[in-house]
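Observations on the model geometry
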Amino acid sequence: MERNHTNAGLVRVSENMLNRLISSHICKGKLEMFLQPQVNILTGKIIGIELLVRWVNHLGKSIEPHFFLPLIRNSKYKAKFSQWVLEEAFRVSEALCIEGFNVRVACNLDASEMYSGIEFFLHKLRKEYPKAGEVEIEVTEVGHLSDRKNLEAYIECFKKHGIKVALDDFGTGLNNFDAVFNYDIDKVKTDKKFLNLNVEVREAFFSSICSITEKLGLDLVVEGIETTSELIALQELGVTTVQGFYISKPIPFKDFVSSHKNSLGIINEENIANCNS
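Residues numbered from 1 in each chain as written. Predicted model: local features only at pLDDT ≥ 70, side-chain atom pairs only at ≥ 80, totals over all residues. Heavy atoms only, no water.

Description of the side chain of N108
Going by this rule: A run of H or I in DSSP becomes a helix once it reaches four residues, and a run of E becomes a strand once it reaches two; helices and strands are each numbered from the N terminus. The classification of residues rests on relative accessible area computed with a 1.4 Å probe and restricted to protein chains. Under 20% of the type maximum is buried, over 50% is exposed, and intermediate values are partly exposed.
Here N108 shows up in strand β5 (residues 104–110). For N108, a relative accessible area of 10% puts it in the buried group.

Some remarks on the pairing of strand β2 (residues 31–40)
Applicable threshold: Here the rule is simple: two strands pair whenever DSSP picks up at least two bridges between them.
By the criterion of burial, β2 is predominantly enclosed, with nine of the 10 residues buried. Between β2 and strand β3 (residues 46–56), which pair antiparallel and follow one another directly, the connecting turn spans five residues, one of which, G44, has a positive phi of 80 degrees. Sheet topology note: the β2/strand β10 (residues 241–243) ladder contains two bridges and is antiparallel. Pairing of V39 across the sheet is with V242, part of β10.

Things to note about the nonpolar core
Looking at soluble globular proteins, one finds that nonpolar side chains tend to be buried together. Stated formally: Throughout, nonpolar core names a set of buried Ala, Val, Leu, Ile, Met, Phe, Trp, Tyr and Cys residues whose side chains join them through atoms within 4.5 Å. It only takes one pair of heavy atoms within 4.5 Å for two residues to be counted as in contact.
Ranked by size, the top nonpolar core spans 71 residues in total, and within it L86, L96, F158, F206 and V242 carry the most contacts. If you tally residues by element for this core, the top one is helix α3 (residues 78–98), at eight residues. Excluding anything up to four places from it in sequence, L86 contacts C107, L109, I118, F121, L122, L125 and I137.

Thoughts on the environment of Y183
Tracing the sequence through the fold places Y183 in the loop between α6 (177–182) and β8 (187–190). The class of Y183 is buried, set by a relative accessible area of 11%. Counting along the chain gives 28 residues from Y183 to I155, while the straight-line C-alpha distance between them is 7.9 Å.

Focus: the side chain of T190
By secondary structure assignment, the location of T190 is in strand β8. You can call T190 buried: its relative accessible area is 0%. The residues contacting T190, other than those within four sequence positions of it, are F170, F205, F206, L220, V221, V222 and E223.

Examining the pattern of salt bridges
What counts is decided by this rule: A carboxyl oxygen of Asp or Glu within 4 Å of a side-chain nitrogen of Lys or Arg is what we treat as a salt bridge.
Applying the stated criterion to the full structure yields 14 salt bridges. One salt bridge connects E88 with R91, and the closest N-O pair in it is separated by 2.9 Å. Taken together, the positions of E88 and R91, both in helix α3 and three residues apart, correspond to about one turn of that helix. A relative accessible area of 10% places E88 in the buried class. For R91, a relative accessible area of 36% puts it in the partly exposed group. The structure contains a network of salt bridges with shared partners spanning R104, E134, E136, K187 and D219.

A short note on the pairing of β3
For β3, the buried fraction is high: nine of the 11 residues fall into the buried class. By the bridge criterion, nine bridges tie β2 to β3 in an arrangement that is antiparallel. Directly across from L35, in β3, lies its bridge partner L51. Note: β3 against β5, three bridges, orientation parallel. Residue pairing across strands places E50 opposite A106, the latter belonging to β5. Pairing analysis gives two bridges linking β3 to strand β4 (residues 62–63), with the strands arranged antiparallel. Bridge assignment links W55 to a residue of β4, and that residue is I63.

Here's the deal with the environment of V188
If you trace the backbone, V188 turns up in strand β8. With 33 residues separating them in the primary sequence, V188 and V221 have C-alpha atoms 6.4 Å apart.

Some details on a nonpolar patch on the surface
Formally: Exposure above 30% relative accessible area and the lack of any salt bridge qualify a residue for a patch; like charges then connect within 9 Å, and the nonpolar side chains Val, Leu, Ile, Met, Phe, Trp and Tyr within 5 Å. Reported accessibility uses the Shrake-Rupley method at a 1.4 Å probe radius. Residues are deemed covered only where the shown protein chains occlude them.
Nonpolar side chains collect at one region of the surface, where F177, F181 and L216 lie side by side and expose about 290 Å² of accessible area between them. Positionally, F177 belongs in helix α6.

Regarding the packing of aromatic side chains
Spelled out, the test is: Aromatic pairs are defined between Phe, Tyr and Trp rings, using the six-membered ring for Trp, whenever the two ring centres lie within 6.5 Å; interplanar angles under 30 degrees are classed as stacked, those over 60 as edge-to-face, and all others as tilted.
For the coordinates displayed, the defined rule picks out six aromatic pairs. Consider the rings of F194 and F205, whose centres lie 4.0 Å apart with planes at 5 degrees: the pair is stacked. Of the two residues, F194 sits in the loop between β8 and α7 (199–216) while F205 sits in helix α7, which places them 11 residues apart along the sequence. With relative accessibility at 15%, the residue F205 sits in the buried group. One aromatic cluster is present, formed by F170, F177 and F181 through successive ring pairs.

This is how it looks when you write it as structure tokens:
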């Protein structure tokens, strides 16, 4: 889940306008997924992609995700939006495979967005996108689903369909060690706030989380990398996989392919510049 809201051109709209437009925009495909890579900093290889939703209005301006997503998730269109997110993950995964990218594609689902018909829908997506590669669900806001057994059942359903499960925003709310120890997850993604800790605390935290995830057999991704110094410090602490605006801002599919296809999915100074221009 992204944390940078400083891009120029972002606009705000009224809640009433959002409520009027949500249904038609989901149904007519006016929402778009942008791609942000997850990179192994030892090899420079892109090993995963996170899909981040964008909503561009009639003026060509991007509406802030942190503004419209809560409205969607609290509306009657929540299930329709969840279906769209899942289908986009499979669609983009298949498209990337066709372009020669063998990477895992992740999408965000709030725990409260999971619904009873999700297994049937996943079965449908597997048939519609047979060439899709690995898909991953980043579970956000674990605390919103009070019944632990329900969430366990949904995770089991994802695993049944070959979908990996990541715990997003680790260290915020109930997305903590309780969730790590009690749910069958595959990956932990740390919240950006841990990069802003003082040096001693930050070093202690990342050294510990690297050790714990390694011993539990979990992947670890550190989100929110924005500077070279952060990258170097994390590498020295044992972190191997990162994501953030320093490497690439979220970009449209066609821009991602054109930026990375010739480099065979290896991040270098040239395509970092291209992705952030």
